[in-house]
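Residue-level structure breakdown
Spelled out from the first residue to the last, the chains are:
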Amino acid sequence: MARILIVDDSPTEMYKLAAMLEKHGHSVLKAENGADGVALARQEKPDAVLMDIVMPGLNGFQATRQLTKDTETSHIPVIIVTTKDQETDRVWGKRQGARDYLTKPVEENTLLKTLNAVLVG
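Chains are numbered independently. Their residues run from 1 in the order of the written sequence. Where totals are concerned, whole chains, interfaces and linings use all residues; where local detail is concerned, this predicted model gives features only for residues with pLDDT of at least 70, and gives and counts side-chain atom pairs only at 80 or more. In computing side-chain properties, one takes all heavy atoms of the structure into account and sets aside hydrogens as well as water.

**As for the pattern of salt bridges**
Heads up, the rule is: Each salt bridge in this description consists of a side-chain nitrogen of Lys or Arg and a carboxyl oxygen of Asp or Glu lying within 4 Å of one another. Helix numbering and strand numbering both begin at the N terminus, where a helix is a DSSP run of H or I of at least 4 residues and a strand a DSSP run of E of at least 2. When accessible area is computed with a 1.4 Å probe and restricted to protein chains, residues below 20% of their type maximum are described as buried, those above 50% as exposed, and intermediate ones as partly exposed.
By the definition in use, this model includes eight salt bridges. Two residues, K104 and D8, come together in a salt bridge whose shortest N-O distance is 2.7 Å. Pair noted here: K104 is in the loop between β5 (100–103) and α5 (108–120) and D8 is in the loop between β1 (3–7) and α1 (11–23), with a separation of 96 residues, a long-range link. Across the pair, D8 and K104 agree in class, each one buried. Between R42 and D70 there is a salt bridge, with its nearest N and O atoms 2.8 Å apart. Of the two residues, R42 sits in helix α2 (residues 34–44) while D70 sits in the loop between α3 (60–69) and β4 (78–82), which places them 28 residues apart along the sequence.

Next up, the structure:
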């Protein structure tokens, strides 16, 4: 299955997302902030990234922009997974290069369906 990088500063959210993905055979990489997420994505080249927005230091919008604008990582689909559910946040997330935008709490079926869609292309 796919290698998925989860970038989230909440241990609870990290655990929930990882459990959903691992249950369906995906392997999980983890980063607790945007800067570490960008570095890990460049190093490991995961199949997809689940990106939180509200994090200390480099936020998810900034990290998404760095990944999608960098030729080394621009092929990796980024799905924003956040509590920010305003339409302006969705639009801004897509403008940064995110392929999709999910709001927490994320249902397992929704997460897997969205992930499969971006992995297929």
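**Describing the packing of α3 against helix α4 (residues 87–95)**
When two helices pack together, their arrangement is given by the angle between the helix axes and by the axis-to-axis distance. Stated formally: To define axes, lines are fitted to C-alpha atoms, for helices over the stretch in contact only, and angles between the resulting N-to-C directions are given on a 0 to 180 degree scale. The labels follow the angle: roughly parallel below 35 degrees, roughly antiparallel above 145, roughly perpendicular from 65 to 115, and oblique for the rest. By definition, residues are in contact when any of their heavy atoms lie within 4.5 Å. Classes in brief: Ala, Val, Leu, Ile, Met, Phe, Trp, Tyr, Cys and Pro nonpolar; Asp, Glu, Lys and Arg charged; the others, Gly included, polar.
At their nearest, the axes of α3 and α4 sit 9 Å apart, and the two run at 25 degrees to each other. As far as their axial angle goes, α4 and α3 are roughly parallel. In this structure, α3 contributes F61, R65 and K69 to the contact, and α4 contributes D89, W92, G93 and R95. Considering only residue class, the contact of α3 with α4 consists of two nonpolar, one polar and four charged.

**Points about the sheet that holds strand β3 (residues 48–51)**
Applied cut-off: Two strands form a pair only when DSSP identifies at least two bridges running between them.
Spatial strand order, β2-β1-β3-β4-β5: five strands in an open sheet with parallel pairing. Two strands bound the open sheet, and with one partner strand each, they are β2 (27–31) and β5. Between one strand axis and the next, the sheet turns through 20 degrees on average, direction left out of account. Bridge analysis of β4 against β5 gives four bridges, and the strand direction is parallel. Note on β5: the bridge partner recorded for V81 is L102.

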